[in-house]
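# A structural walkthrough
These are the residues of each chain, in order.
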Amino acid sequence: MSTAIDIPIGPQHPALKEPINITCYVDGEQVVGAKLRMGYNHRGIEKAGEYQSYIQNLYLAERICGICGIVHSFSLAQATEDIIGKELPRRADYIRTIGLELNRVHSHLLWLGVAAHEVGFDTLFMYVWRDREAVMDLIEEVTGNRVTYALVTIGGVRRDLPQERAEKVLRVMDLLEEKVKKYKKMCIDEKTLRMRCDGVGLLRKEDAIALCAVGPTARASGVPYDVRADDPHAAYDEIPFKVVTYDTCDVTARVLVRIDETLESINIIREAIKKMPSGPIRVRLPRVVPAGEGVGRTEAPRGEVIHYVRSNNSDKPFRWKVRAPTLANFLSIPVMLTSKGDYVVNIADIPIAFASIDPCMSCTDRAIKFVDVNDGKSWVWSLSQIKRVSHGGGR
Amino acid sequence: MTLEEDVVNTLKSKLGDKILEARIQRPRRLFITVNGEAYKEVVKILKNELGVTHLSTITGVDARDRFEVIPLFSYKGIVIAIKGIIPRDSPSIDSIVDVIPGAFFYEKEVHEMFGIDVKGHPDMTHLELPDDWPEGLYPLRKDVDFQDLMKRITKERD
Amino acid sequence: MMLQEVIDIVKVLVFPGFLFFSILGLLYEWIDRKFYARLQNRVGPLYTGPSGFLQPFADFVKLMAKEDVVPEGAEKPIFSAVPVFALALSLFAVLFLPVYGTRGIISFEGDIVVLMVIMTLFVVLIFLGGISSASRYSEIGSERAILQLLGYEIPLVASVIGAAAVTVKANPSLSIRGIVEAQSGLWSIFGIQALGFAIFLLAAQAELERTPFDIPEAETEIVAGWMTEYSGKKLALLRLARDVELAFLCGLGATLFLGGPQPVFPGAAGTVISTVLFVVKSIVVLLILTLLRAAMSRLRIDQMVNFAWKYLMPLSILQLSLAVLIPNLLAF
């Protein structure tokens, strides 16, 4: 321990797509400890939400995360609809489900590419991202936007899915299924990739349960926790699907969980299009929400998203709380990055182990207090840190 | 008897009057109100009697006349919200990190956003706010105005 | 007398010496990038020159014009000297390669041993460059470069010496000239040397720090490894040195295993034709190296050293013994 040096990973580092600071304590090539510091992406969304109407917040919620936007607007809408207590048209539920699942396919493919890049397998990265583009185009057709989809509204959805568009979705799904199966084979067979992923980033089942891990991180440790199955929302109660779990608890398991989930999602989308009833896509709900409280949650690509809304008989929420899945999974990172007994963590394992929870900083740091148009406060704090890193400065 | 009622009965049989209110909003949504002192006890019972292990998040609410600390648990698909009511003049609550280790970050967040003292938490440093954040300024409290906050922050930076 | 000296100087400076190999190096970088991109379903460099083939030249010029930052804590003399020495070293190494005929500009008995020393010296330079930058990432990169050297150096030497075994039959020699002349009938790759060629390719990949052995400069782990702190002119020189080294190793592979500048069928070829043959053959080696780069992920340093000692080392020794023994056994 006495010879350990600390290596700052971030706030800016090629392995990180978004700012966070992980300080790793390293002895030679071996990592003996890790500490996280976040907050570089504060936008104060929760405070801002108290000053805006529910409808405005829906669009703000969408901007919590650029990848899984539907998830957040859906959760907020769900919590609000719970308070109002009105049933939605079934067709809206089905369209929401299709949106959520398209989001998942897109997010999992994106992650697979990033993970491949983290271990230096750029060819897989490029291939996967090429196919992700097809999903992006599809999302654009279905919702009208490539990102910040604005599909969900309180009381239903804003855009219908007519027959010819649904058929196009099915066509792309067929193509994608074939591709994803190919990548699965690639990930299982490619020797060097397996060498980098097997036994890396270990999170034992009991740790995953104790630290309240969610999503693919938990499922790769053998915890069958999936909000879609436990707490069926939208149309998930009418669509059969499998909760994918693996029990090797390492990065390989997380890769395979996500690939298998992508295949499941493709089936869910097919099923949803097949079963989708006709009818209206939204009901008009009052702008003023009666006093009460509601919880909305769904299974985001990264895990459980939960929104808590407290209303006070006005058109603005009294309190709006968002918890994105990455924050729930962060406690697992120091566990994954600390060598213990037979389990050795190398410096080379840091990026892939960290990436394996699919961290999304802008989701995690959403929250708190002020909307600063010049984006600044937390940046001031990190300047000295950045200077220290960029000037090297020896030991 | 539904699972939700089962949970309520278990809690009532153990704690009796300490449960101020138990409300089943709809299937799989359960809100239970308790006093701040009994808050940790409820969590312990949930963990030990019912085997609840998953804490989704802890949210704070500034209800103007009081604070509420609301951990949201997930149990067989049910969201169990335990509303711990604490007085506004001396806000403090017991830490549940020793019962549910996953509460670590959420309690830090409640502390820095609402200024609620979490007794027994091992590390009360900032989670999301910068290290040089003004002492005693708790942004999610209702008496902190949005515009004032923005002005204050931008002024300090310049 | 005077004329001969002028010709020699032109040979060293222009063709087939420094200028030729610098251009070749940059060209190879373009081929490498373009082929790599096509393998990944991308287009690669596109805008500078036809099909973007001037991109490496443009990069070089751009970097030369960029600000040159030396970190405060760095050992300035060593830090600044490393890029110059690296370029000098790789340009020196290419003088041994026979671009036409059967001998390079420098050629003597035992010159492949000198080449081995140069290749090791290159890694020592990398180590110095990284360790003098006073950056944590550079230090780790340097340490990894040396560790990696421990893994691939012996297999590399064994494969090169094994290539020299083709000279045993007629005219035993440890020189490039001897090796090239011995391949005038049949290239060494057709025979036991195929194994040697494979080992050479893997070792060359490690020497060049390319995937799966780009461990010392692993981007997602340690930013750019030992190169992290280099910028401006120094980075330009380092990259050029790298490119020349790439051209050198591809050329060496072609020379040792693919008959050098000789045509498939025995017979002397003219200067132009043999130069073209040399370039084409080394491009073949380059394409194989690029293919290797595209098909694998980066190994960890412990896995790399493990792999090198468990598989590469025994194989290379087996290859060397067979290469030496078989011709002798046949002679009986």
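Fair warning: this is a prediction, and the values are worked out from it, not measured in the lab. Residue numbers here run from 1 along each chain, matching the order of that chain's written sequence. Here every chain gets a letter starting at A, and every ligand a number starting at 1, in the order they are written. Local features in a predicted model are, by the rule used here, given only for residues with pLDDT of at least 70; side-chain atom pairs are given and counted only at 80 or more, and totals for whole chains, interfaces and linings are based on all residues.

### A look at the overall build of chain C
What counts as a helix is a DSSP run of H or I of at least four residues, what counts as a strand is a run of E of at least two, and both are numbered from the N terminus. Per the secondary structure count, chain C includes twelve helices and zero strands. Listed N to C, the secondary structure of chain C is α-α-α-α-α-α-α-α-α-α-α-α in terms of helices and strands. For 332 residues, the compact-globule estimate of 2.2 N^0.38 gives 20 Å, and the C-alpha radius of gyration of chain C, at 20 Å, lies within 12% of that figure. Looking at chain C as a whole, 51% of its 332 residues are labelled buried. Throughout, a pair of residues is in contact if the C-beta atoms placed from their backbones lie within 7 Å. A separation threshold of at least 6 residues defines the contact pool for chain C, and within that pool the share at least 24 residues apart is 79%. With the radius of gyration taken over C-alpha atoms, the globule rule is written as 2.2 Å times the number of residues to the power 0.38. Residues are called buried when their C-beta atom has 20 or more other C-beta atoms within 10 Å, exposed when it has 12 or fewer, and partly exposed otherwise; all C-beta atoms are positioned from the backbone.

### A word on the overall build of chain B
When you go through chain B residue by residue, the secondary structure sums to four helices and seven strands. Order of helices (α) and strands (β) in chain B, N terminus to C terminus: α-β-β-α-β-β-β-β-α-β-α. Along the first, second and third principal axes, the C-alpha set of chain B runs to 60 × 30 × 25 Å. Taken across its 158 residues, chain B has 44% of its residues classed as buried. Sequence separation of at least 24 residues holds for 53% of the intrachain contacts in chain B that already meet a minimum separation of 6.

### Some points on the packing of helix H5 (residues 122-143) of chain A against helix H6 (residues 163-189) of chain A
Residues and elements named next belong to chain A. As a rule, the C-alpha atoms of each element are fitted with a line to give its axis, helices using only the stretch in contact, and angles between N-to-C directions run from 0 to 180 degrees. At a closest axis distance of 11 Å, the pairing of H5 and H6 adopts a crossing angle of 165 degrees. It follows from the interaxial angle that H5 and H6 lie roughly antiparallel. Read as a crossing pair, H5 and H6 show a hand that is left-handed. Residues Leu124, Val128, Asp131, Ala134, Leu138, Glu141 and Val142 of H5 pack against Arg165, Lys168, Val169, Val172, Leu175, Leu176, Lys179, Tyr183 and Met186 of H6. Residues belonging to the contact of H5 with H6 are distributed by class as follows: eleven nonpolar, no polar and five charged. Angles are sorted into four bins: roughly parallel if under 35 degrees, roughly antiparallel if over 145, roughly perpendicular if 65 to 115, and oblique for all others. Rotating anticlockwise by less than a right angle from the far helix to the near helix defines a left-handed crossing, while the corresponding clockwise rotation defines a right-handed one. In this classification, the charged set is Asp, Glu, Lys and Arg, the nonpolar set is Ala, Val, Leu, Ile, Met, Phe, Trp, Tyr, Cys and Pro, and all remaining amino acids, among them Gly, are polar.

### Brief notes about the interface of chain A and chain C
Tallying the contact residues gives 29 residues for chain A and 31 residues for chain C. Breaking the side of chain A that touches chain C down by element, the ones donating at least two residues are strand E1 (5-9), helix H4 (90-118), H5, helix H7 (191-197) and helix H14 (349-355) of chain A. Residue contributions to the side of chain A that touches chain C peak at five residues, all from H5(A). Here the residues of the side of chain A that touches chain C sort into 14 nonpolar, ten polar and five charged.

### Some thoughts on the environment of Ala79(A)
With respect to the helices and strands, Ala79(A) occurs in helix H3 (residues 69-84). Those residues in contact with Ala79(A) that sit more than four places away from it in its chain are Gly294(A), Val295(A), Gly296(A), His307(A), Tyr308(A) and Val309(A).

### Description of the confidence of the model for chain C
For every residue, the predictor states its confidence as a pLDDT score lying anywhere from 0 to 100. Across chain C, the average pLDDT comes to 85, with 97% of residues at 70 or higher. Prediction confidence for the complex, expressed as pTM and ipTM, is 0.83 and 0.88 respectively.

### So, H6(A)
All names here are of chain A. Expected helix span is taken as 1.5 Å per residue step, with the number of steps being one fewer than the number of residues. For H6, with 27 residues, the first-to-last C-alpha span of 39 Å sits near the 39 Å given by 1.5 Å per residue. All buried positions along H6 are accounted for by Val169, Val172, Met173, Leu176, Val180, Tyr183 and Cys187. Each element contacted by the buried residues of H6 is listed here: H4, H5, H7 and helix H11 (251-275).

### What about the interface of chain A and chain B?
Contacts between the two partners involve 38 residues from chain A and, on the opposite side, 36 residues from chain B. At the level of secondary structure, the elements contributing two or more residues to the side of chain A that touches chain B comprise helix H1 (45-49), helix H8 (205-210), strand E6 (292-300), strand E7 (303-311), strand E8 (317-323), helix H12 (325-330) and helix H16 (377-390) of chain A. Per-class residue counts for the side of chain A that touches chain B are 18 nonpolar, four polar and 16 charged.

### A closer look at the sheet that holds E7(A)
Residues and elements named next belong to chain A. The pairing criterion is simple: DSSP has to find at least two bridges between the two strands. Strand order in the open sheet formed by three strands is E6-E7-E8, with antiparallel pairing between adjacent strands. With partners counted over all chains shown, the strands left at the sheet margins are E6 and E8, one partner each. Going across the sheet, the axis of each strand differs from the next one's by a mean of 10 degrees, ignoring polarity. Across nine bridges, the pairing between E6 and E7 is antiparallel. When the sheet's bridge partners are listed, Ala300 is paired in E7 with Gly303.

### Focus: the arrangement of the chains
Of all two pairs of chains that touch, the greatest number of contacts is found between chains A and B. Kept free of each other, chain B and chain C leave a smallest C-alpha distance of 25 Å between them.

### Structural notes on the pairing of strand E4 (residues 66-75) of chain B
All names here are of chain B. Within E4, eight of the ten residues are buried, which leaves it mostly tucked inside the rest of the structure. Pairing analysis gives eight bridges linking strand E3 (residues 54-62) to E4, with the strands arranged antiparallel. Within the sheet, the bridge partner assigned to Thr59 lies in E4 and is Ile70. In terms of strand pairing, E4 meets strand E5 (residues 78-87) through eight bridges, oriented antiparallel. Following the sheet pairing, Phe73 is matched in E5 by Ile80.

### A few points about the environment of Val223(C)
Mapping Val223(C) onto the fold places it in the loop between helix H9 (219-222) and helix H10 (232-257). Separated by 176 residues in sequence, Val223(C) and Tyr47(C) place their C-alpha atoms 27 Å apart.

### Comments concerning the pairing of E7(A)
E7(A) sits mainly inside the fold: nine of its nine residues count as buried. Hairpin connection from E6(A) to E7(A): two residues lie between these consecutive antiparallel strands.

### Structural notes on the sheet that holds E5(B)
Residue and element names in this part refer to chain B. Read from one edge of the open sheet, five strands run E1-E2-E5-E4-E3, paired in mixed fashion. Unpaired on one side and paired on the other, strand E1 (19-26) and E3 mark the two borders of the sheet. When strand polarity is set aside, the average angle formed by the axes of neighbouring strands in this sheet is 20 degrees. The sheet strands contacting helix H2 (residues 39-50) are strand E2 (29-35), E4 and E5, and the helix crosses E5 at an angle near 155 degrees.

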